[in-house]
Amino acid sequence: MTATKRVALLGSTGSIGTQTLDVIRQHPEKFGVEVLTAQNNCDLLIQQALEFIPNAVVIGNEANYSKVKEALASVPIKVFAGQKAIAQVVEMETIDVVLTALVGYSGLIPTVHAIRAGKQIALANKETLVVAGELITALAKQHGVNIYPIDSEHSAIFQCLVGEFHNPIEKIILTASGGPFLGKDRAYLESVTREQALKHPNWDMGAKITIDSASMMNKGLEVIEAKWLFGLKIEQIEVVVHPQSIVHSLVQFEDGSIKAQLGLPDMRIPIQFALSYPERLKSNFERFNFTNYPQLTFEQPDLKTFRNLQLAYDALAAGGNAPCVLNAANEIAVDAFLNKQLGFLEMSDLIEETLTRSDFIARPQLEDYIETDRKAREFTKNLLKSTN
Ligand code: MG
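The model shown is predicted, which means the values in this text are computed figures rather than measured ones.

Conventions used here
- Residues numbered from 1 in each chain as written.
- Predicted model: local features only at pLDDT ≥ 70, side-chain atom pairs only at ≥ 80, totals over all residues.
- Heavy atoms only, no water.
- Axes fitted to C-alpha atoms, helices over the stretch in contact; angles between N-to-C directions.
- Helix = DSSP H or I, 4+ residues; strand = E, 2+ residues; numbered from the N terminus.
- Parallel < 35°, antiparallel > 145°, perpendicular 65-115°, else oblique.
- Left-handed = near helix turned anticlockwise from the far one by under 90°.
- Contact = heavy atoms within 4.5 Å.
- Phe/Tyr/Trp six-rings, centres within 6.5 Å; stacked < 30°, edge-to-face > 60°.
- Buried < 20%, exposed > 50% of the residue type's maximum accessible area, 1.4 Å probe, protein only.
- Lys NZ or Arg CZ within 6 Å of the ring centre and 35° of its normal.
- Donors = N, O, S within 2.8 Å, 3.2 Å for Na, K, Ca; no water.
- Domains from an automatic or database assignment.
- Buried area = accessible area lost by both parts, 1.4 Å probe.
- Salt bridge = Lys/Arg side-chain N within 4 Å of Asp/Glu carboxyl O.
- Polar contact = N/O pair within 3.5 Å; in protein donor to acceptor, adjacent residues only side chain to side chain.
- Core = buried A, V, L, I, M, F, W, Y, C linked by side-chain atoms within 4.5 Å.
- Nonpolar A, V, L, I, M, F, W, Y, C, P; charged D, E, K, R; others polar.

Please explain the packing of helix α6 (residues 127-142) against helix α14 (residues 322-338) as it appears in this structure.
In helix packing, the relevant descriptors are the interaxial angle and the interaxial distance, both defined with respect to the helix axes. Viewed as axis vectors pointing N to C, α6 and α14 meet at an angle of 150°, and their least axial separation amounts to 8 Å. In terms of axis orientation, α6 runs roughly antiparallel to α14. When the axes of α6 and α14 are compared, the crossing they make is left-handed. Contact residues: Glu-127, Val-130 and Val-131 in α6; Pro-323, Cys-324, Asn-327 and Glu-331 in α14.

Help me out: how do you make sense of the packing of aromatic side chains in this one?
In this description, a pair of aromatic rings is defined by centroid distance and the angle of the planes. Taken as a whole, this structure holds eleven aromatic pairs when the rule is applied. Taking the centre distance of 5.7 Å and the plane angle of 70° together, the rings of Phe-337 and Phe-344 count as edge-to-face. Its relative accessible area of 3% is what places Phe-337 among the buried residues. The class for Phe-344 is buried, based on a relative accessible area of 4%. Through a chain of ring-to-ring contacts, three or more aromatic side chains come together here, namely Tyr-148, Phe-158, Phe-165, Phe-273 and Tyr-277. The ring of Tyr-188 has Lys-184 sitting right over it, with the charged end atom 4.7 Å from the ring centre.

Help me understand the coordination of the magnesium ion in this model?
Geometrically, a metal with four donors at the corners of a regular tetrahedron has ideal angles of 109.5 degrees, and one with six donors at the corners of a regular octahedron has ideal angles of 90 or 180 degrees. The coordination sphere of the magnesium ion, as far as protein atoms go, consists of Asp-151 (OD), Glu-153 (OE) and Glu-222 (OE), spread over 2.1 to 2.2 Å. Considered as a linear motif, the donors of the magnesium ion on their single chain read D-x1-E-x68-E. Here Asp-151 is found in the loop between β7 (147-149) and α7 (152-161), whereas its partner Glu-222 is found in helix α11 (residues 217-230), with 71 residues between them in sequence. Each member of the pair Asp-151 and Glu-222 is classed as buried.

When you look at the domain arrangement of the chain in this model, what are you seeing that I'm missing?
The accessible area lost on association of the parts is a frequent measure of interface size. What the domain assignment reports for the chain is domain 1 (5-149), domain 2 (151-188 + 201-263 + 286-303) and domain 3 (319-388). Each of domain 2 and domain 3 was reduced to a C-alpha centroid, and the two centroids are 25 Å apart. With eleven residues of domain 2 at the contact, the number on the domain 3 side is twelve residues. Surface buried jointly by domain 2 and domain 3 totals about 970 Å² across both partners, of which 80% is contributed by carbon and sulfur atoms. Looking at the side of domain 2 facing domain 3, the largest losses of area belong to Arg-186, Ile-211 and Met-217, adding up to 49% of the total buried there. In this structure, the connection of domain 2 to domain 3 is made through zero salt bridges. Summed over the shared surface of domain 2 and domain 3, the result is one residue pair in polar contact (both at pLDDT 80 or more).

Before we go on, may I ask you to explain the nonpolar core in this structure?
Leu-99 and Phe-344 are the most contacted members of the largest nonpolar core, which has 122 residues in total. Tallying contributions element by element places α14 first for this core, with ten residues. Ignoring anything within four residues of it in the chain, the contact list for Phe-344 reads Phe-181, Leu-189, Val-192, Ala-197, Ala-214, Ser-215 and Phe-337.

What exactly am I supposed to notice about the packing of α6 against α11 here?
Close contact between α6 and α11 brings their axes to 8 Å; oriented N to C, the two are set at 20°. By the angle between their directions, the pair α6 and α11 is classed as roughly parallel. Handedness of the α6/α11 crossing: left-handed. Across from Glu-127, Leu-129, Val-130, Gly-133, Glu-134 and Thr-137 in α6, the residues of α11 making contact are Leu-221, Ile-224, Glu-225, Trp-228 and Leu-229. A breakdown of the residues in the contact of α6 with α11 according to their chemical character gives six nonpolar, two polar and three charged.

Printed below as a string of structure tokens:
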């Protein structure tokens, strides 16, 4: 029997975080919880800590420190607070794998620390690779760290590649559900609300990624993520709309053969595989039944209506710090849409304007990414103010 893998779970109270704990709960002989972190939800963090008794917990929002500290006073758990503590706690000697389920740009710095400390990475936070894919993948290589994807599409590709690592990929095909607005035109999208956009047909996820799915930015971010995870050229990455979300993505090899990974939409499968690789562990997750899905359909994405996907391809083609700008502008735009300060289609306008008017850096270092992110956010916010 192998020793248990000790997991640091960054973002334990979110959708991926709680599902990760569900996986760990079912395999206590395989996995243990070493660290839990949350940004604001201290009640759930406390409850999780009392169940799993990790070595340490971090509450991102420092205002909640004393509440967490007091609630855990009777158990041997170290309690820290603040963003710096999140980035530092991943370096703890006893951690084997760091699972990053933080939202957006906030995942970058803790992931850099974890890689430098030689920890394996299970990556749910795609924005880390969108913002600084070149730097992160080079750093991982340098420190002998593997990055195991949790994003369902990338997990599908990873699963298709098992046993094929020496066979070149001709291309990959990322599937997209199309979200709640599939088939709608620009006139319709003009007036869609936050509530409509938050209703995803197949996946139950956090707010940020659900809006990204509705706007197709999620697929754009995933194209960039795939480039770095699998070392592909832009022309090797295709997107096809598959509204049933059963085929999670596909790989085409040089002999023309295509492999796909299928299953019901359940994030616990990619989470578990990222933690258990190369093993597959028994699960009681609901099984896919073909008779319930007599039709699996595929169609081309509509890049004219859903401009965000095209903007992401453009940013990836530009390279350098352009994807970092794209991500920062998108985070501000999504936030503004969720706060009803911005219409659905205006998100793309804001992102495009920020991309066009930001300074280009061809070979950014970590400091350049941090500065690019800060400036792009500021620029997008000012743009937002001037239009409101
Ligand atoms: Mg995905």
